[in-house]
Amino acid sequence: MIDDVVWSGTWVAERLGVELNGDERLPGLLGLALRRNPRRAHLLVSNVLGKHVPQRPSVVRGAGYDLGVRVRELLGHEDAARAVVLGYAETATGLGHSVADGLGLAPYLHSTRRPVDGVAPAGGFEESHSHATSHLLLPEDPKLLAGEGPLVLVDDEFSTGNTVLNTIRDLHERYPRGRYVIVALVDMRTPEDRDRLTVFADEIGARVDLLTLAAGTVGLPDGVLAKGQELVARYEAAPAVPAPRVPPGPPVRVPLDWPEGVPDGGRHGFTPEHRARLEAALPAMAARLAEALRPAGSRVLVLGFEELMYAPLRLGTELELAGLDVSYSTTTRSPVLAVDDPGYAIRTRLVFPAHDAPADGPGERYAYNVAGAGFDAVVAVVDSAADTPELHAPDGLLAQLAAHIPHVVLAVVPSYVPSYAAGDDRTDAVGHDRTHVAGDDRTHVAGDAPSDAPGYVAGDAPSYVPSCVPAPATEAPERSSMLPEPLRGPAFSSYAPDEVGWLLQDLSDVELEAPTEEREEAIQSGGAHYAESLPVEYQPSDRYQELFHAALETSAARIARAVGTVTETVLAERAGRRPVLVSLARAGTPVGVLMRRWAQARHGIDLHHYAVSIVRGRGIDANALRWLAAHHDPADVVFVDGWTGKGAITRELADALKEFEAREGITGFDPEIAVLADPGSCVRTYGTREDFLIPSACLNSTVSGLISRTVLRADLVGPDDFHGGKFYRELASADVSGDFLDAVAARFDEVGAAVDTEVKELLAADRTPTWEGWAAVERISEEYGIHDVNLVKPGVGETTRVLLRRVPWKILAQRGAGADLAHVRLLAEQRGVPVEEVDELPYSCVGLIHPQYTRGATGADGKAVVSQ
């Protein structure tokens, strides 16, 4: 739509004398148009924003993304990781989201003109020159704006600075911070406006930086407003709309299968977790659209809807990557004069009624430069709140598009509503999902088609209202909303951000490590709990590393089979539901990641996966449970661990959930744990009951995303905090977390048939726990004069932990045990711990912690407690 010869501001410049002065890039970035506005007649029309002028999606996203990269370079890694990005509705919602993508680690929020019942504004401001002024800030988590890190404000143009000043003034009074970064495509302020911003920054005592693609000023002659209004009145009498095609055909609806729980944009906040999940789902969604577009010609327009700019933009970039000739723009509520002249930025205008029941009442909406542009097909992308009869009416948007473009495709993105505002009446007696927007009487059963809307096809799943919203809040929202979003890699852990979200607080900068012998003495004397400190991270020798890799190569298929078995069992037992995996950090985390990968590889299912802390004697993190209950149905939660020993954690979890339900009134969590290996016969859901070497037990953080064991200490973890954990970034060179996951996942295909057979047998078998392991531990505790089952650690995994973290006394090994114990024997040798072979042991081995330990105590041979 950009003319290569004539500047798209020529028409206005010649008639009104308006000039662009400044960077030579400005004419390529901006054109000019006119609008009926009592404050400002001219409109700067961006060629790279994707609002009024169709442009390649890669160009639109690239402009914002590159600005985000520049912000990251300006702030540095530490401040970039603490930043929040705020975009402006409606024009800059997609631009701001792209800037957040380039920044990398920042959550994103955009202002909105759509109030949402049940969501209290966290702020608001006015846009002085706009035809619609009120901006609301509606973050799902009010703490999103309350941090001390930099706030990055993104708008399409920086013309007077008034909007930014209003924003900063409002937010700084509530949430003062020391740094702001303003990002815009162009800076068109006058020298006076530049000075005003500088003075304002000095007044509030904050640093304010500005990043743009180009800068300049607009030259306006005297009387330009009156002349502009006169031109608008004259040319509006004959609007530029090409003759329609006849007859228009009905639109083709394409179900996107939008990822559950991912917001449609930044209206209520969009986190790095959401970004990772959306990125993973985009190729499949674009493939569905591409298939629907196959009968059409080569030129495709992806048309977004007002504030819904980012979702259609990302769908457009994926279609572009797939080889289609794609342009992108969005509808708007901004009235602009259309003049069919190559020197004017707005060539054509489609007019249609608003179709999302706007709070300020019905009115006209517009799509510019769409009609007569030679598009063979258009993909209209709306959110489900806007998928109404008005959209499908004879004068609605779809009919207007069909009158000018041969092939119309409709894609509906589910409108995201914060869980505490969604209402609780979303399931009927037979379990159908019902969604209902508070304050709106349009209730719709997902999967049904509204009978009075043209273009609907039976079996589609359109909805007037959100068809995919989080589970209803089961507690007072103010409590769960104060909790932060899960920590994710690469800021916390070496796992990819979509692999796991850690419901922990980051204590990486706190000195928590103590020598092993010192910790053991404090723990056994009652002077400290084991979760109040961390052992020094064991750094394996070259020989031990070789043993780990050899064990991984040998056992990868065996582990893959166990992963498949436990995952398929979980899915089968929850048929019709989508489980939410919640690993018990940290041993359960690699298993949860592998289960998530299996579900993706075998079934194309993206499962939510989180890691939470559970501490023996202290229970599970109650704040983590509150967060889970506020974001998911507790009945969908499946707790995951690596293996069972004697079953202490199984009992701990059951007791903790009973106490939590009684105290909080939140019900539905299942105390059952799904584990990779259950040698102690403590659970019903497992991959195997054999006690074999799981290589993730061989190491500490370097096989668990570089995350420490969890920490619970009163001076560090308050009543409203998640339990703590550390990210050992300094151990990155020794990290094999990804190697472990990839080696096991690479064997999924070859074990698939065996898994199917095994799961079928397991589901038909009696899997009632016998607690054989607990009985054996009690017997060993008495036979060896320990008299404390907590000092008896059964199984390969638990024995390995004893050798790595505690002060071992001796190791009991099943007579004849072979390669599965090679690493145990090596560690025992390095620490001077005797290995005693015994008969009739239900485990491959058992680790005994030195009873009644003091640093003067010795083991059986006088050197068992000496670290070597």
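The structure contained in this document is the topic of the report that follows. On a predicted model such as this, the values are computed, not experimentally measured, just so you know.

Structural notes on the overall build of the protein chain
- For the protein chain, the helix and strand inventory stands at 22 helices and 34 strands.
- Expressed as a percentage of the 868 residues in the protein chain, the buried residues total 60%.
- Restricting to contacts in the protein chain with at least 6 residues of sequence separation, those with at least 24 account for 76%.

Focus on the sheet that holds strand β4 (residues 84–87)
- Within the open sheet, the six strands sit side by side as β1-β10-β9-β8-β4-β5. Their pairing is mixed. Unpaired on one side and paired on the other, β1 (19–22) and β5 (108–110) mark the two borders of the sheet. Mean inter-strand twist for the sheet, computed between neighbouring axes without regard to direction, equals 30°.
- As defined by bridge partners, β1 adjoins strand β10 (residues 207–219) across four bridges and the pair is classed as antiparallel. If you follow G22 over to β10, its bridge partner there is G216.
- Across the sheet, helix α5 (residues 162–174) is in contact with β4, β8 (151–158) and β9 (179–187); its angle to β8 comes to roughly 160°.
- Strands in contact with helix α6 (residues 191–204) are β8, β9 and β10; relative to β10, the strand with the most contacts, it is inclined by about 165°.

Section: the packing of helix α8 (residues 272–293) against helix α9 (residues 310–321)
- For the pair α8 and α9, interaxial distance at closest approach is 8 Å and the crossing angle is 70°. Accordingly, the angle class assigned to the pair α8 and α9 is roughly perpendicular. Handedness of the α8/α9 crossing: right-handed. Across the interface between the two elements, L278, E279, L282, P283, M285, A286, L289, A290 and L293 from α8 touch Y310, R314, L315, E318 and L319 from α9.

Remarks on the sheet that holds strand β11 (residues 252–253)
- Read across the open sheet, the five strands follow the order β11-β17-β16-β12-β13; overall the sheet is parallel. With one partner strand each, in any of the chains shown, β11 and β13 (325–331) form the two edges of the open sheet.
- In this sheet, strand β16 (residues 377–383) lies alongside strand β12 (residues 299–305) in parallel orientation, the contact comprising four bridges. If you follow V302 over to β16, its bridge partner there is V379.
- Contacting β12, β16 and β17 (407–413), α8 runs over the sheet at an angle of about 160° to β17.
- Sheet strands touched by α9: β12, β13, β16 and β17. Its angle to β13, the strand with the most contacts, is close to 175°.

Some points on the nonpolar core
- Residues L34, V85, V152, L289, Y344, V379 and L401 are the most contacted members of the largest nonpolar core, which totals 130 residues.
- In this structure, V85 is in contact with G96, V99, A100, L103, A106, P107, Y108, L109, V152 and V154, ignoring residues within four places of it in sequence.
- Judged by nonpolar contacts, the second largest core, of 52 residues, contains A562, V640, V744 and V755.

Examining the pairing of strand β2 (residues 30–34)
- Summarising burial for β2: five of the five residues are buried, a large majority.
- The side-chain alternation of β2 yields two buried faces, one formed by L30, L32 and L34 and the other by G31 and A33.
- In this sheet, strand β3 (residues 42–46) lies alongside β2 in antiparallel orientation, the contact comprising five bridges. Directly across from G31, in β3, lies its bridge partner V45.

A short note on the packing of aromatic side chains
- Tallying each qualifying case throughout the model produces 11 aromatic pairs.
- Summarising the aromatic geometry, the rings of W11 and Y344 are spaced 5.2 Å apart at their centres and angled 80° between planes, so their arrangement reads as edge-to-face. A residue pair is termed long-range when its members are at least 10 positions apart, and W11 in helix α1 (residues 10–16) and Y344 in the loop between β13 and β14 (349–353) qualify at 333 residues. Neither residue differs from the other here; W11 and Y344 are each classed as buried.
- With centroids separated by 6.3 Å and ring planes inclined at 45°, the aromatic side chains of F639 and F669 adopt a geometry described as tilted. Of this pair, F639 sits in strand β27 (residues 637–643) while F669 is found in the loop between α17 (648–664) and β28 (673–677), placing the two residues 30 residues apart along the sequence.
- Classification of F639 as buried rests on a relative accessible area of 0%.
- For F669, a relative accessible area of 5% translates into the label buried.
- Among the aromatic residues, those joined into a ring-pair cluster are F492, Y495, W502 and F727.
- The positively charged end of R651 is found above the aromatic ring belonging to W771, 4.4 Å away from the centroid.
- We note K810 situated over the ring of W809; from NZ or CZ to the ring centre the distance is 4.8 Å.

Regarding the pairing of β13
- Counting buried positions along β13 gives six out of seven residues, so the element sits mostly inside the fold.
- Crossover handedness for the path β12 to α9 to β13: right-handed.

Concerning the environment of P272
- When you line up the elements, P272 lands in helix α8.
- With 214 residues separating them in the primary sequence, P272 and P486 have C-alpha atoms 9.7 Å apart.
- Leave out the neighbours within four places in its chain, and P272 touches L105, A106 and P107.

Parameters and conventions
Residues numbered from 1 in each chain as written. Predicted model: local features only at pLDDT ≥ 70, side-chain atom pairs only at ≥ 80, totals over all residues. Heavy atoms only, no water. Helix = DSSP H or I, 4+ residues; strand = E, 2+ residues; numbered from the N terminus. Buried < 20%, exposed > 50% of the residue type's maximum accessible area, 1.4 Å probe, protein only. Contact = heavy atoms within 4.5 Å. Pairing = 2+ DSSP bridges. Axes fitted to C-alpha atoms, helices over the stretch in contact; angles between N-to-C directions. Parallel < 35°, antiparallel > 145°, perpendicular 65-115°, else oblique. Left-handed = near helix turned anticlockwise from the far one by under 90°. Core = buried A, V, L, I, M, F, W, Y, C linked by side-chain atoms within 4.5 Å. Phe/Tyr/Trp six-rings, centres within 6.5 Å; stacked < 30°, edge-to-face > 60°. Lys NZ or Arg CZ within 6 Å of the ring centre and 35° of its normal. Right-handed = clockwise from strand over helix to strand, strands pointing away.

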